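Next come the chains, spelled out residue by residue.
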Amino acid sequence: MNELSHRERFLRVFNFKDVDRVPDYEFGFWGDTIKRWHKEGLPPSLTTMVEVELYLNLEGFDCLEMIPVNMSLSPLPRYRIVEYKPGGRIVIKDDIGGVYVSPIETSCVAGTLRYPLASKEDWEKHFKPRLNPNDPRRFPPNPKSKDEKDRILAEAYLLLEDLLPGVFPSKTILWKDLVESYKERDYPLGIFVGSLYGWLRNWMGVRQISIAFYRDPDWVAEMMDCLTELWVRVLQKVLRDVKPDFTLWWEDMASNTGPLISPSLFEEFMVPRYKRVIKLLEDHGVKIHIVDSDGNIAQLIPGWLKAGINCMMPVEARANDAVKLREEFGKKLLLLGCIDKLAVMKGERHIEMEFKRLTPLLEEGGFIPMIDHRCPPEISYRDYLKYLRLKRKWISRS
(Lines give C-alpha, C1' and ligand atoms only; values in the text may rest on other atoms or scores of the structure.)
Protein backbone atom coordinates (compact mmCIF):
# COMPACT_ATOMS: atom_id res chain seq x y z
CA MET A 1 0.00 0.00 0.00
CA ASN A 2 1.17 3.51 -0.82
CA GLU A 3 1.89 5.84 2.08
CA LEU A 4 -1.30 7.51 3.30
CA SER A 5 -1.76 10.98 4.71
CA HIS A 6 -2.49 11.41 8.40
CA ARG A 7 -6.09 12.27 7.61
CA GLU A 8 -6.51 9.22 5.36
CA ARG A 9 -5.12 6.95 8.08
CA PHE A 10 -7.43 8.38 10.72
CA LEU A 11 -10.56 8.05 8.61
CA ARG A 12 -9.70 4.63 7.21
CA VAL A 13 -8.81 3.15 10.62
CA PHE A 14 -12.12 4.28 12.09
CA ASN A 15 -13.96 2.88 9.07
CA PHE A 16 -12.25 -0.54 9.39
CA LYS A 17 -10.38 -0.11 6.11
CA ASP A 18 -6.82 -1.17 5.34
CA VAL A 19 -4.06 1.29 6.23
CA ASP A 20 -0.30 1.43 5.88
CA ARG A 21 -0.18 1.92 9.67
CA VAL A 22 -2.33 3.41 12.40
CA PRO A 23 -1.71 6.99 13.60
CA ASP A 24 0.91 7.38 16.33
CA TYR A 25 -0.97 9.00 19.21
CA GLU A 26 -0.39 9.40 22.94
CA PHE A 27 -2.72 10.96 25.49
CA GLY A 28 -0.35 13.60 26.84
CA PHE A 29 1.50 13.86 30.13
CA TRP A 30 0.87 15.16 33.62
CA GLY A 31 2.68 18.38 34.45
CA ASP A 32 4.69 16.55 37.11
CA THR A 33 5.80 14.07 34.45
CA ILE A 34 7.16 16.86 32.26
CA LYS A 35 8.94 18.39 35.26
CA ARG A 36 10.61 15.05 36.01
CA TRP A 37 11.62 14.59 32.39
CA HIS A 38 13.30 18.01 32.34
CA LYS A 39 15.79 16.52 34.81
CA GLU A 40 16.24 13.43 32.62
CA GLY A 41 16.94 14.91 29.20
CA LEU A 42 13.76 16.55 27.90
CA PRO A 43 14.63 20.13 26.86
CA PRO A 44 13.45 22.50 29.64
CA SER A 45 11.99 24.88 27.05
CA LEU A 46 9.24 22.33 26.36
CA THR A 47 6.54 22.86 28.98
CA THR A 48 3.18 22.03 27.35
CA MET A 49 1.71 18.71 26.23
CA VAL A 50 1.53 19.91 22.63
CA GLU A 51 5.18 20.97 22.63
CA VAL A 52 6.31 17.64 24.09
CA GLU A 53 4.16 15.62 21.66
CA LEU A 54 5.59 17.46 18.67
CA TYR A 55 9.16 17.10 19.98
CA LEU A 56 8.63 13.33 20.33
CA ASN A 57 7.28 13.23 16.75
CA LEU A 58 3.83 12.10 17.89
CA GLU A 59 0.85 12.80 15.62
CA GLY A 60 -1.70 13.33 18.40
CA PHE A 61 -3.68 13.38 20.61
CA ASP A 62 -3.37 16.85 22.12
CA CYS A 63 -1.58 18.20 19.04
CA LEU A 64 -4.49 17.31 16.75
CA GLU A 65 -5.93 20.46 15.24
CA MET A 66 -9.30 21.51 16.63
CA ILE A 67 -11.58 24.18 15.20
CA PRO A 68 -11.08 27.13 17.59
CA VAL A 69 -14.61 27.90 18.72
CA ASN A 70 -15.74 28.21 22.34
CA MET A 71 -18.58 25.81 23.17
CA SER A 72 -18.55 26.51 26.91
CA LEU A 73 -18.89 29.56 29.15
CA SER A 74 -18.19 32.80 27.35
CA PRO A 75 -16.32 34.60 28.62
CA LEU A 76 -14.42 31.84 30.36
CA PRO A 77 -13.97 32.31 34.12
CA ARG A 78 -11.01 34.37 35.32
CA TYR A 79 -8.93 33.15 38.25
CA ARG A 80 -6.88 34.97 40.88
CA ILE A 81 -4.82 33.90 43.87
CA VAL A 82 -6.31 35.25 47.08
CA GLU A 83 -4.19 33.54 49.74
CA TYR A 84 -0.90 31.73 50.23
CA LYS A 85 -1.24 29.00 52.85
CA PRO A 86 1.39 27.09 54.87
CA GLY A 87 2.77 24.00 53.18
CA GLY A 88 3.02 25.50 49.71
CA ARG A 89 -0.68 25.79 48.94
CA ILE A 90 -2.65 28.60 47.36
CA VAL A 91 -6.32 29.55 47.49
CA ILE A 92 -7.79 30.54 44.14
CA LYS A 93 -11.08 32.29 43.35
CA ASP A 94 -12.82 32.56 40.02
CA ASP A 95 -15.25 35.27 38.98
CA ILE A 96 -18.31 32.98 39.03
CA GLY A 97 -18.16 32.10 42.72
CA GLY A 98 -15.79 29.12 42.90
CA VAL A 99 -13.05 28.84 45.52
CA TYR A 100 -10.28 26.26 45.19
CA VAL A 101 -7.13 25.19 47.01
CA SER A 102 -4.14 23.89 45.10
CA PRO A 103 -0.53 22.91 45.88
CA ILE A 104 1.94 25.22 44.15
CA GLU A 105 4.41 22.55 43.08
CA THR A 106 2.07 20.00 41.51
CA SER A 107 -0.10 20.01 38.41
CA CYS A 108 -3.41 18.98 39.99
CA VAL A 109 -6.11 20.87 41.88
CA ALA A 110 -6.20 19.50 45.43
CA GLY A 111 -9.77 20.44 46.25
CA THR A 112 -12.77 22.72 45.93
CA LEU A 113 -13.72 24.88 48.90
CA ARG A 114 -16.86 26.25 47.22
CA TYR A 115 -18.43 25.08 43.98
CA PRO A 116 -19.54 28.01 41.82
CA LEU A 117 -22.96 26.54 40.98
CA ALA A 118 -24.60 26.12 44.39
CA SER A 119 -28.12 27.37 43.65
CA LYS A 120 -30.57 28.36 40.93
CA GLU A 121 -29.59 31.96 41.63
CA ASP A 122 -25.98 31.10 40.70
CA TRP A 123 -27.25 29.49 37.50
CA GLU A 124 -29.29 32.54 36.50
CA LYS A 125 -26.60 35.07 37.46
CA HIS A 126 -23.28 33.49 36.51
CA PHE A 127 -23.91 30.61 34.12
CA LYS A 128 -26.93 31.09 31.90
CA PRO A 129 -25.76 34.51 30.58
CA ARG A 130 -22.40 32.95 29.65
CA LEU A 131 -24.09 30.22 27.60
CA ASN A 132 -25.43 32.66 25.02
CA PRO A 133 -24.89 31.06 21.58
CA ASN A 134 -24.85 34.48 19.91
CA ASP A 135 -21.83 35.77 21.84
CA PRO A 136 -19.41 36.85 19.06
CA ARG A 137 -16.43 35.88 21.22
CA ARG A 138 -17.19 32.22 20.53
CA PHE A 139 -15.60 32.46 17.09
CA PRO A 140 -12.28 33.79 15.83
CA PRO A 141 -12.63 37.31 14.39
CA ASN A 142 -14.41 37.65 11.06
CA PRO A 143 -13.84 41.28 10.03
CA LYS A 144 -16.25 42.99 7.66
CA SER A 145 -13.81 45.54 6.26
CA LYS A 146 -10.09 45.90 5.47
CA ASP A 147 -9.64 48.48 8.21
CA GLU A 148 -11.19 46.16 10.79
CA LYS A 149 -9.02 43.30 9.57
CA ASP A 150 -5.85 45.39 9.81
CA ARG A 151 -6.72 46.46 13.36
CA ILE A 152 -7.40 42.89 14.49
CA LEU A 153 -4.17 41.59 12.97
CA ALA A 154 -2.12 44.41 14.50
CA GLU A 155 -3.56 43.77 17.98
CA ALA A 156 -3.02 40.03 17.61
CA TYR A 157 0.60 40.53 16.57
CA LEU A 158 1.28 42.64 19.64
CA LEU A 159 -0.65 40.55 22.19
CA LEU A 160 -0.79 36.97 20.93
CA GLU A 161 2.22 36.36 18.70
CA ASP A 162 3.75 33.76 21.02
CA LEU A 163 0.43 31.93 21.46
CA LEU A 164 -0.69 31.71 17.85
CA PRO A 165 1.24 28.59 16.77
CA GLY A 166 -0.38 26.53 19.53
CA VAL A 167 -3.86 28.02 19.34
CA PHE A 168 -4.08 28.44 15.58
CA PRO A 169 -1.48 26.17 13.93
CA SER A 170 -2.15 27.68 10.50
CA LYS A 171 -0.80 30.98 11.92
CA THR A 172 -3.97 32.93 11.36
CA ILE A 173 -6.59 34.23 13.72
CA LEU A 174 -9.26 35.13 11.18
CA TRP A 175 -12.23 32.80 10.70
CA LYS A 176 -12.36 33.21 6.94
CA ASP A 177 -8.66 32.37 6.57
CA LEU A 178 -8.99 29.36 8.88
CA VAL A 179 -11.89 28.01 6.85
CA GLU A 180 -9.86 28.41 3.66
CA SER A 181 -6.84 26.67 5.20
CA TYR A 182 -8.94 23.63 6.14
CA LYS A 183 -10.07 22.91 2.56
CA GLU A 184 -6.89 21.15 1.42
CA ARG A 185 -5.88 19.65 4.76
CA ASP A 186 -4.07 16.33 4.97
CA TYR A 187 -4.63 15.96 8.73
CA PRO A 188 -7.75 15.09 10.75
CA LEU A 189 -9.67 18.13 11.97
CA GLY A 190 -11.82 17.98 15.08
CA ILE A 191 -14.20 20.11 17.07
CA PHE A 192 -14.73 19.95 20.81
CA VAL A 193 -18.46 19.92 21.58
CA GLY A 194 -18.69 19.77 25.36
CA SER A 195 -20.10 17.90 28.33
CA LEU A 196 -23.54 17.34 29.80
CA TYR A 197 -22.69 15.62 33.08
CA GLY A 198 -18.99 16.43 33.46
CA TRP A 199 -19.33 20.20 33.36
CA LEU A 200 -22.30 20.22 35.74
CA ARG A 201 -20.38 17.94 38.08
CA ASN A 202 -17.38 20.28 37.99
CA TRP A 203 -19.59 23.32 38.61
CA MET A 204 -21.74 21.73 41.35
CA GLY A 205 -19.75 18.80 42.78
CA VAL A 206 -20.72 15.13 42.63
CA ARG A 207 -22.89 15.33 45.76
CA GLN A 208 -24.97 18.30 44.65
CA ILE A 209 -25.51 17.17 41.07
CA SER A 210 -26.53 13.74 42.39
CA ILE A 211 -29.06 15.30 44.77
CA ALA A 212 -30.37 17.59 42.01
CA PHE A 213 -31.20 14.62 39.76
CA TYR A 214 -33.67 13.46 42.41
CA ARG A 215 -34.89 16.62 44.11
CA ASP A 216 -35.02 18.94 41.12
CA PRO A 217 -34.81 16.96 37.86
CA ASP A 218 -36.51 19.76 35.94
CA TRP A 219 -33.62 22.07 36.80
CA VAL A 220 -31.06 19.49 35.64
CA ALA A 221 -33.03 19.12 32.42
CA GLU A 222 -33.11 22.91 31.97
CA MET A 223 -29.34 23.18 32.36
CA MET A 224 -28.72 20.31 29.94
CA ASP A 225 -31.17 21.82 27.45
CA CYS A 226 -29.32 25.12 27.68
CA LEU A 227 -26.02 23.42 26.87
CA THR A 228 -27.57 21.42 24.04
CA GLU A 229 -29.13 24.51 22.48
CA LEU A 230 -25.78 26.30 22.68
CA TRP A 231 -23.98 23.50 20.87
CA VAL A 232 -26.61 23.14 18.15
CA ARG A 233 -26.66 26.86 17.43
CA VAL A 234 -22.86 27.19 17.30
CA LEU A 235 -22.43 24.01 15.26
CA GLN A 236 -24.97 25.24 12.72
CA LYS A 237 -22.71 28.23 12.08
CA VAL A 238 -19.55 26.12 11.95
CA LEU A 239 -21.00 23.52 9.59
CA ARG A 240 -21.99 26.18 7.07
CA ASP A 241 -18.27 26.79 6.52
CA VAL A 242 -16.33 23.64 7.38
CA LYS A 243 -16.93 19.94 8.01
CA PRO A 244 -14.72 18.47 10.74
CA ASP A 245 -13.58 14.87 10.63
CA PHE A 246 -14.54 14.12 14.23
CA THR A 247 -16.08 15.55 17.37
CA LEU A 248 -14.68 15.33 20.87
CA TRP A 249 -16.76 15.18 24.04
CA TRP A 250 -15.65 15.08 27.68
CA GLU A 251 -17.65 13.48 30.46
CA ASP A 252 -15.47 11.76 33.13
CA MET A 253 -18.53 10.24 34.73
CA ALA A 254 -17.35 6.88 36.04
CA SER A 255 -15.18 5.47 38.81
CA ASN A 256 -13.21 2.24 38.60
CA THR A 257 -16.33 0.28 39.56
CA GLY A 258 -19.00 1.94 37.43
CA PRO A 259 -20.79 5.17 36.46
CA LEU A 260 -21.45 8.07 38.82
CA ILE A 261 -25.13 8.11 37.83
CA SER A 262 -27.41 5.21 37.07
CA PRO A 263 -27.70 4.02 33.47
CA SER A 264 -31.42 4.79 33.63
CA LEU A 265 -30.76 8.47 34.49
CA PHE A 266 -28.08 8.55 31.78
CA GLU A 267 -30.57 7.24 29.22
CA GLU A 268 -33.30 9.63 30.35
CA PHE A 269 -31.36 12.87 30.69
CA MET A 270 -28.37 12.61 28.38
CA VAL A 271 -28.96 10.24 25.49
CA PRO A 272 -31.82 12.24 23.87
CA ARG A 273 -29.79 15.46 24.09
CA TYR A 274 -26.72 13.81 22.60
CA LYS A 275 -28.93 12.51 19.80
CA ARG A 276 -30.08 16.01 18.90
CA VAL A 277 -26.50 17.23 18.47
CA ILE A 278 -25.23 14.09 16.73
CA LYS A 279 -28.08 14.17 14.20
CA LEU A 280 -27.06 17.65 13.12
CA LEU A 281 -23.45 16.56 12.74
CA GLU A 282 -24.25 13.36 10.87
CA ASP A 283 -26.58 15.26 8.52
CA HIS A 284 -23.40 17.12 7.53
CA GLY A 285 -21.33 13.96 7.13
CA VAL A 286 -19.50 13.93 10.48
CA LYS A 287 -19.49 10.28 11.55
CA ILE A 288 -16.77 9.88 14.22
CA HIS A 289 -17.68 11.03 17.72
CA ILE A 290 -15.15 10.52 20.54
CA VAL A 291 -16.03 10.70 24.22
CA ASP A 292 -13.33 11.00 26.88
CA SER A 293 -14.43 9.39 30.13
CA ASP A 294 -12.27 7.71 32.73
CA GLY A 295 -13.25 4.71 34.83
CA ASN A 296 -15.46 1.70 34.13
CA ILE A 297 -17.71 2.84 31.30
CA ALA A 298 -19.23 -0.51 30.28
CA GLN A 299 -22.75 0.37 31.47
CA LEU A 300 -22.65 3.72 29.63
CA ILE A 301 -21.47 2.43 26.26
CA PRO A 302 -24.94 1.23 25.10
CA GLY A 303 -26.38 4.71 25.69
CA TRP A 304 -23.52 6.45 23.95
CA LEU A 305 -23.81 4.14 20.96
CA LYS A 306 -27.57 4.67 20.86
CA ALA A 307 -26.94 8.42 20.78
CA GLY A 308 -24.33 8.11 18.02
CA ILE A 309 -21.20 8.68 20.13
CA ASN A 310 -19.19 5.75 18.83
CA CYS A 311 -15.56 6.08 19.98
CA MET A 312 -14.51 5.52 23.59
CA MET A 313 -11.38 7.10 25.06
CA PRO A 314 -9.06 6.40 26.92
CA VAL A 315 -10.61 3.02 28.00
CA GLU A 316 -8.60 2.56 31.18
CA ALA A 317 -7.33 -1.01 31.28
CA ARG A 318 -7.71 -1.48 35.03
CA ALA A 319 -11.46 -0.86 34.70
CA ASN A 320 -12.28 -2.07 31.17
CA ASP A 321 -11.32 -5.02 28.97
CA ALA A 322 -11.14 -3.43 25.53
CA VAL A 323 -11.01 -6.79 23.72
CA LYS A 324 -14.18 -8.00 25.44
CA LEU A 325 -15.92 -4.67 24.77
CA ARG A 326 -15.25 -5.08 21.04
CA GLU A 327 -16.52 -8.65 21.20
CA GLU A 328 -19.71 -7.43 22.87
CA PHE A 329 -20.43 -4.35 20.74
CA GLY A 330 -18.73 -5.29 17.49
CA LYS A 331 -17.66 -2.77 14.89
CA LYS A 332 -20.17 -0.22 16.15
CA LEU A 333 -17.56 0.51 18.83
CA LEU A 334 -14.38 2.46 18.04
CA LEU A 335 -11.55 2.55 20.58
CA LEU A 336 -8.82 5.06 21.34
CA GLY A 337 -6.32 4.31 24.12
CA CYS A 338 -6.47 0.97 25.97
CA ILE A 339 -2.72 0.46 26.69
CA ASP A 340 -2.36 -0.19 30.41
CA LYS A 341 -0.19 2.53 31.98
CA LEU A 342 0.74 0.06 34.72
CA ALA A 343 2.26 -2.28 32.12
CA VAL A 344 4.37 0.58 30.78
CA MET A 345 5.54 1.31 34.33
CA LYS A 346 6.63 -2.33 34.79
CA GLY A 347 8.95 -2.46 31.78
CA GLU A 348 9.59 -4.06 28.40
CA ARG A 349 8.29 -7.58 29.05
CA HIS A 350 4.96 -6.28 30.34
CA ILE A 351 4.71 -3.79 27.46
CA GLU A 352 5.16 -6.60 24.93
CA MET A 353 2.49 -8.66 26.73
CA GLU A 354 0.14 -5.67 26.56
CA PHE A 355 0.73 -5.28 22.82
CA LYS A 356 0.05 -8.99 22.34
CA ARG A 357 -3.25 -8.61 24.27
CA LEU A 358 -4.35 -5.75 22.02
CA THR A 359 -3.06 -7.09 18.68
CA PRO A 360 -6.48 -8.52 17.68
CA LEU A 361 -7.89 -4.99 17.89
CA LEU A 362 -4.98 -3.55 15.93
CA GLU A 363 -5.50 -6.13 13.19
CA GLU A 364 -9.28 -5.73 13.08
CA GLY A 365 -9.25 -1.92 12.89
CA GLY A 366 -11.37 0.75 14.50
CA PHE A 367 -8.65 1.15 17.12
CA ILE A 368 -5.82 3.63 17.71
CA PRO A 369 -3.59 2.57 20.61
CA MET A 370 -2.17 4.90 23.23
CA ILE A 371 -1.58 4.82 26.98
CA ASP A 372 -4.92 4.78 28.78
CA HIS A 373 -4.50 8.20 30.45
CA ARG A 374 -1.96 10.98 30.84
CA CYS A 375 1.51 9.52 31.26
CA PRO A 376 2.21 9.49 35.04
CA PRO A 377 5.42 10.79 36.64
CA GLU A 378 6.31 7.26 37.77
CA ILE A 379 7.47 6.61 34.18
CA SER A 380 10.96 7.95 33.51
CA TYR A 381 11.85 9.77 30.31
CA ARG A 382 14.20 6.94 29.32
CA ASP A 383 11.52 4.29 29.87
CA TYR A 384 8.96 6.34 27.95
CA LEU A 385 11.28 6.62 24.95
CA LYS A 386 11.80 2.86 25.11
CA TYR A 387 8.02 2.37 25.18
CA LEU A 388 7.62 4.62 22.10
CA ARG A 389 10.27 2.62 20.21
CA LEU A 390 8.50 -0.64 21.03
CA LYS A 391 5.07 0.76 20.14
CA ARG A 392 6.28 2.17 16.84
CA LYS A 393 7.65 -1.23 15.91
CA TRP A 394 4.29 -2.77 16.83
CA ILE A 395 2.28 -0.29 14.73
CA SER A 396 4.85 -0.47 11.86
CA ARG A 397 5.95 3.15 12.09
CA SER A 398 9.60 3.26 11.06
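Nothing here was measured: the structure is a model prediction, and the numbers come from that model.

A. Broad picture of the sheet that holds strand 6 (residues 99-103). Strands sit in the order 4-5-6-7 across an open sheet of four strands; the sheet is antiparallel. For this open sheet the edge positions go to strand 4 (79-85) and strand 7 (111-114), each flanked by a neighbour on one side alone. Neighbouring strand axes in the sheet, compared pairwise and without regard to direction, differ in orientation by 30 degrees on average. In the sheet, strand 6 pairs with strand 7 via three bridges, with the strands oriented antiparallel. The residue of strand 7 that forms the bridge with V99 is R114.

B. Spatial organisation of the confidence of the model for the protein. On average, residues of the protein score 93 in pLDDT, and 93% of them reach the 70 mark or higher. Confidence drops under a pLDDT of 50 for residues 157-170, and excluding neighbours within four residues, the segment shows 15 contacts in the predicted structure.

C. Spatial organisation of the pairing of strand 4. Pairing of strand 4 with strand 5 (residues 89-94), which is carried by six bridges, proceeds in the antiparallel orientation. The partner of Y79 across the bridge, within strand 5, is D94. From the end of strand 4 to the start of strand 5, which pair antiparallel, there are three residues, and G87 there has a positive phi angle of about 85 degrees.

D. Representation of the sheet that holds strand 8 (residues 189-194) in the model. Reading across the sheet, the seven strands line up as 3-8-9-10-11-12-13 and stay open at both edges, with parallel pairing between neighbours. Every interior strand has two partners, whereas the edge strands, strand 3 (65-66) and strand 13 (367-371), have only one. Note: strand 3 against strand 8, two bridges, orientation parallel. Each bridged residue has a counterpart across the sheet, and for E65 the counterpart in strand 8 is L189.

E. Highlighting the side chain of K391. Among the secondary structure elements, K391 is positioned in helix 16 (residues 381-394). At a separation of 2.9 Å, a polar atom in the side chain of K391 contacts the side chain of D24. At 2.8 Å, the side chain of K391 and the backbone oxygen of Y25 are in polar contact. Setting aside residues no more than four positions away along its own chain, K391 makes contact with D24, Y25, E26, I339, F355 and P369.

F. Representation of the nonpolar core within the structure. W231, M270, W304 and Y384 are the most contacted members of the largest nonpolar core, which totals 118 residues. It is helix 10 (residues 217-241) that contributes the most residues to this core, 14 residues altogether. Contacts of W304, omitting those with residues within four sequence positions, involve E251, M253, F266, Y274, V291, S293, I297, I309 and M312.

G. View of the pattern of salt bridges. Applying the stated rule across the entire model yields 28 salt bridges. R276 is the partner of E229 in a salt bridge, and the nearest nitrogen-oxygen pair spans 2.7 Å. Of the two residues, E229 sits in helix 10 while R276 sits in helix 11 (residues 263-283), which places them 47 residues apart along the sequence. E229 sits in the partly exposed class, given a relative accessible area of 29%. Ionic pairing is found between E267 and K306, a salt bridge with its closest N-O pair at 2.9 Å. A residue pair is termed long-range when its members are at least 10 positions apart, and E267 in helix 11 and K306 in helix 12 (residues 301-307) qualify at 39 residues. Accessibility expressed as a relative area gives 28% for E267, which makes it partly exposed. Overall, the relative accessible area of 47% leaves K306 in the partly exposed class. Overlapping salt bridges, with partners in common, bring together D24, E26, K391, R392 and R397 in one network.

Cut-offs used in this document
- Residues numbered from 1 in each chain as written.
- Predicted model: local features only at pLDDT ≥ 70, side-chain atom pairs only at ≥ 80, totals over all residues.
- Heavy atoms only, no water.
- Pairing = 2+ DSSP bridges.
- Helix = DSSP H or I, 4+ residues; strand = E, 2+ residues; numbered from the N terminus.
- Axes fitted to C-alpha atoms, helices over the stretch in contact; angles between N-to-C directions.
- pLDDT = per-residue confidence, 0-100.
- Contact = heavy atoms within 4.5 Å.
- Polar contact = N/O pair within 3.5 Å; in protein donor to acceptor, adjacent residues only side chain to side chain.
- Core = buried A, V, L, I, M, F, W, Y, C linked by side-chain atoms within 4.5 Å.
- Buried < 20%, exposed > 50% of the residue type's maximum accessible area, 1.4 Å probe, protein only.
- Salt bridge = Lys/Arg side-chain N within 4 Å of Asp/Glu carboxyl O.

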